[in-house]
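Geometric and topological summary
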2 protein chains.
Amino acid sequence: MPDHMIHFQPIGRKVEARKGRTLLELGAEAGISIESICGSEGKCGKCRVIVRSGITNVTPLNSSEKRALDKVEQASGSRLACQASVCRGGPIVVDVPQESQRGHQRLLAAGTERKVKLAPAVRKIVLKIPPATLKDLRADDDRLIELLTEKARARMKISNGVHRYLPAALREKSWVTTVTAFRNEEIIRVEPGDTADELFGVAVDIGTTKVVAYLVDLNSGKILGTESMPNPQIPFGEDIIARITYCNRNKEGLQTLQKVIAAGVDALIAKLCATVHLEPDDILEVMVVGNTAMHHLFFGIPAQHLAEAPYAPVVRTPLVVNPGHVGLSTYPFGKVSSLPNIAGFVGADAVADLIASGLYEDEEVGMMIDIGTNTEIIAGNKDRLISCSCASGPAFEGAHIRFGMRASSGAIERIWIDPETKGVVVRTVDETPARGICGSGIVDALSEMLAAGIIDASGKIKVSKELPGTRKNRQGLPEFVLVHGDDSSTGEPITITQIDIQEIQLAKAAIFTGVATLMRKLKVKPSDISKVYAAGAFGTYVDASSAIRIGMYPDVPIERIQFIGNAAGSGARMCLRSTRMRDLAERQSRKVEYIELAAEKDFQREFAQAMFLPHRDLSRFPNAQQ
Amino acid sequence: MPDHMIHFQPIGRKVEARKGRTLLELGAEAGISIESICGSEGKCGKCRVIVRSGITNVTPLNSSEKRALDKVEQASGSRLACQASVCRGGPIVVDVPQESQRGHQRLLAAGTERKVKLAPAVRKIVLKIPPATLKDLRADDDRLIELLTEKARARMKISNGVHRYLPAALREKSWVTTVTAFRNEEIIRVEPGDTADELFGVAVDIGTTKVVAYLVDLNSGKILGTESMPNPQIPFGEDIIARITYCNRNKEGLQTLQKVIAAGVDALIAKLCATVHLEPDDILEVMVVGNTAMHHLFFGIPAQHLAEAPYAPVVRTPLVVNPGHVGLSTYPFGKVSSLPNIAGFVGADAVADLIASGLYEDEEVGMMIDIGTNTEIIAGNKDRLISCSCASGPAFEGAHIRFGMRASSGAIERIWIDPETKGVVVRTVDETPARGICGSGIVDALSEMLAAGIIDASGKIKVSKELPGTRKNRQGLPEFVLVHGDDSSTGEPITITQIDIQEIQLAKAAIFTGVATLMRKLKVKPSDISKVYAAGAFGTYVDASSAIRIGMYPDVPIERIQFIGNAAGSGARMCLRSTRMRDLAERQSRKVEYIELAAEKDFQREFAQAMFLPHRDLSRFPNAQQ
């Protein structure tokens, strides 16, 4: 490693280690934005990094750091990036744990996918075909297939509709023809000449709220672009149940919802293609994931039974259809594929999460949690996996919260409360004046209020003069002021009410009931869980310590929590790039057991206990209570 | 067998053997129309039958019979049905050889297909499915497929588009569901309740000129109806080459021709369904045969290369598409299948002919001839089969013949010339006054004129006073009068001109060149040919002796010629009824060798020799010259 460089891990970027600059500043130069909500005052402790090498080139621990870091942390090289600065020349290696990376960068970092060997379902084979002569009278199809069988060692079938392109594809470029094969089974395209360097696919994650599409070069595996949009079905119903109700109440409801989502995906694909001068006709495969309802609606499959016990999905098996079947304008004889579903509320997106997490190959027991309106959890290891779905509701998306909002400009996303003064520091998205509070802020709020003694284990706000910020609102309901009217963008104070807290308790209890049930089924304690894979945008932005402190995540040492970002998208891309991965997904989807939580006999009791902060049974949170 | 009955074989009908009635009259009563063109005068010898048993119950040979039948025939029980009558009580068994059966009846008799064991590609399986409960949370697809795999011993895949019908099909009739499987591979339909008794398919033979469709009950194998229409592509070109030219010259030509033929087939299917109160949606499979060009145009595959050396087809392999792919309105997730092609001019119809003939399983060498504008010939036996196509042209359909016409009302279809008086007796279609002459009449004309010495072996008409009816027309061209103006429907005499004879010579030479080439390749003589299967309408109506006498068919004993009627239609129905037969068709299509006649080095010489009547080399027609 060159001298005078500071190397930020695991991001892998280096910058010159200039004397006098803090690790936070140099991190920013290296393109990694380290978390800090106290304005580099050394108070919030969020900018914790670990100096792995070159500790002597960094200033010694100052008083702020000594306060913020415990003895063990101090001994292991932990520092506050806003306090530690470079004091001499020489190489430095700094680990930036994911929980110290700022949200937006977290998402980027989470983009670092698990590598898969490129083996896409679509591949191109260039053939020099023996011309038709009076001595060789074979039909075009036999002529092509016989040579291809020899070259590809697989006897393939020409897709219906592709035959008509054979005569031109064979003859137009002097019997040099490029064949596009799908899974070594079907010939889906024949083109004159050599077009082997054009091989493109799109991965799509259809969320209830947001649709994200990724354009992938299947020759290199590279992502050429990412586009997203709100799910265009939202006007027909905010959540899954509302959309299913819409289908039930309107004769053409299913067709309408199918058409709008297909049109949305089609628009994303057109946009992706336009930026790199491709045509949708160049897209040979689209890999789609989504929750079971989004999956069914996209493929035009009735979803009504997903809303009725026993919530059986219509389709588990992975689908492979032509674009015309769903109404996409990608290459007509190309494919639109889906990953399999597991159950009515554990869909293809959860399968993608599982693939992206690698949980299915872990030796030790781990747990993947993808928080949303429905939270999917899969726990286990290479030998056994169990899944469940928790009705966590939309509170983390800001719904039913007095000042709740989505994570857009002005949303409070980080909160720090001084345990002594009860002074509140907040950070907002885009650092504009606060307008409201989003999911990660809500979790922080509860966690910090609990730590500061503003609420008790039952969630009750203690209104008292000794607790500045606590008060009763006009309806006599206790609340806690996060931002005063003077500092908010609206001129109104932004508060957390007793009702808000109850909503969050319900949501986190739903999630922890799932966590606890899976742990019970697997007969493991929190300490047995080697890894918690936090998937999804919310899972990435939420502060893991806060999530443990309120009893939403199992009580594991913080370093066992691994953020895997939009794992559904990553998993979809992995399966787009590799048939081995999608075959694995199919096997896993059959293997993963599914627990219908509401049908568990301990469900009510488990849920009631989990309403406490962190839990009624504190033995389950040995670390959180410290 | 009951007393006093006369049993006509192979038709199998019996009537009372009333005394004094001729065999011809009793045959008519039994529903079998025995050929006779001399008006039961015992002159034409066409009504030859064989009394197999009860000869003593029939009048002795009269003078007409003694003149018409040779000693061997007389000894073997041959009789003229118009002369022999019942003289005493007692059972009689009469064989009516196919060549003595009248055209229309011939077609009926030919309708007696080779039996196949019913094993259609579509089959229905009724399932009692375990309902979804909180204890059994399987997805609908898994639930169905797991039970079906057990019942059908085949793991099938649900066709794309069918998934959406699963929830209703499972739940609407209390979890009793009928699954329609295609080839034990795909589930193409799911219906609530038990619908196993509804299983229908349609076989279609798309000829260049005529399209015939058959509705088949696939539970019983029975034909429920037959409908036909002229090929609606005719306005775009009378023959294959004209239609291909239309496609080449018009941008949307191929699409237009595809649409009109599909619309035509769709109309036939609608008509078939209406007569038995079915809907096109009840039709689960349509099996299509046709020559290679008709096949390609129906499936929307470019046919231009069929018109250019080396005439390679685009597709040999059997196709299986959805009705929407070609534009049929049968059950949308059902199938439209084709038989394979062999070569550019030996198509799926010839494969169907081959299947219908049974030639592929014969021990001894046989030959299948399907005469049309292109004549397909397949020769060989179970070990080896060779095919070719002969450009026989449209002369047999009446084209390029002065008074040529199709076999409709008033067309001369049978001719008999008294060898001594040269008096001409004709029979017309529907026995209305003569308007012209159709294919079978043309062949008879040449044969009879040759036998009567009106033309010589080179085909030259001898104009002389000793040969009544011979004359020169206004252009000084020799011709022979078949029907005088007084007897014709037009008031004009109907003649055969020297040019007409030349056209027929070209046509029959083309066919015999094929016959001779295949015999040479197989190293067989006519006497080695155990059977000639005459397929198609023309092959059924043409008089086999005449065809041999002019040197069109190989010189085999007449009883070796077997009429197999619209064998393309029969073969299509057989393959609709049985997957075994269609798999056989696929294997045979790969096995049958193809000879491009024009590329054979002896082609010119062979063709020139075959212009003679019957042939320049009379050793090839040892019997015909007698």
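Residues numbered from 1 in each chain as written. Chains lettered and ligands numbered in written order. Predicted model: local features only at pLDDT ≥ 70, side-chain atom pairs only at ≥ 80, totals over all residues.

Residues and elements named next belong to chain B. Listed in full, the buried residues belonging to helix α18 (residues 603-610) are E606, F607 and A610. Looking straight down α18, one finds that the buried residues subtend no more than 95 degrees of arc, so they occupy a single side. Exposed side chains of α18 directed beyond 90 degrees from the buried face belong to Q604, R605 and A608. Structurally, α18 contributes buried residues whose contacts are with α13 (498-522). (Buried ≥ 20, exposed ≤ 12 C-beta atoms within 10 Å, placed from the backbone. Helix = DSSP H or I, 4+ residues; strand = E, 2+ residues; numbered from the N terminus. Arc of directions from axis to C-beta. Contact = placed C-beta atoms within 7 Å.)

Attention now moves to the pairing of strand β12 (residues 223-230) of chain B. Residue and element names in this part refer to chain B. The sheet contact formed by strand β11 (residues 210-217) and β12 spans seven bridges and is antiparallel. Following the sheet pairing, Y214 is matched in β12 by T226. Connecting the antiparallel pair β11 and β12 is a turn made up of five residues, with G221 showing a positive phi of about 85 degrees. (Pairing = 2+ DSSP bridges.)

This part is about the confidence of the model for chain A. Residues and elements named next belong to chain A. Considering every residue of chain A, the mean pLDDT works out to 91; 96% of them sit at 70 or more. Taken as a whole, residues 103-112 scores under 50 in pLDDT and shows 21 contacts with residues more than four places along the chain or in a different chain. Two numbers describe this predicted complex: its pTM, 0.83, and its ipTM, 0.82. (pLDDT = per-residue confidence, 0-100.)

Once that is clear, we can look at the relation of the copies chain B and chain A. Screw-axis analysis of chain B against chain A gives a translation of 0.0 Å along the axis, an RMSD of 0.2 Å, and a rotation angle of 180 degrees. On this basis, the relationship between the two copies can be described by a two-fold rotation axis. (Least-squares fit on C-alpha atoms with pLDDT ≥ 70 in both.)

Attention now goes to the environment of B:T470. Relative to the elements of secondary structure, B:T470 occurs in strand β22 (residues 470-472). Sequence separation of B:T470 and B:F480 is ten residues, and the distance between their C-alpha atoms is 4.5 Å.

Before going further, it helps to spend a moment on the interface of chain B and chain A. Counting residues at the interface gives 35 residues for chain B, matched by 35 residues for chain A. Put simply, the parts of the chain that give the side of chain B that touches chain A at least two residues each are α5 (140-152) and α6 (166-171) of chain B. Broken down by element, the residue count for the side of chain B that touches chain A peaks at three residues, all from α5(B). Split by residue class, the side of chain B that touches chain A holds 19 nonpolar, nine polar and seven charged. (Nonpolar A, V, L, I, M, F, W, Y, C, P; charged D, E, K, R; others polar.)

Before going further, it helps to examine the sheet that holds strand β16 (residues 366-370) of chain A. Residues and elements named next belong to chain A. If you trace the six strands from one edge of the open sheet to the other, you get β26-β25-β16-β17-β18-β27, paired in mixed fashion. Strands at the two margins of the open sheet, each flanked by one partner only, are β26 (561-565) and β27 (593-595). The mean inter-strand angle of the sheet, taken between neighbouring strand axes irrespective of direction, is 20 degrees. Sheet topology note: the strand β25 (residues 531-535)/β26 ladder contains four bridges and is parallel. Bridging across to β26, A535 finds its partner in G565. Those strands touched by helix α11 (residues 348-357) are β16, β17 (375-380), β18 (385-390), β25 and β26, and its axis lies near 135 degrees from that of β16. (Axes fitted to C-alpha atoms, helices over the stretch in contact; angles between N-to-C directions.)

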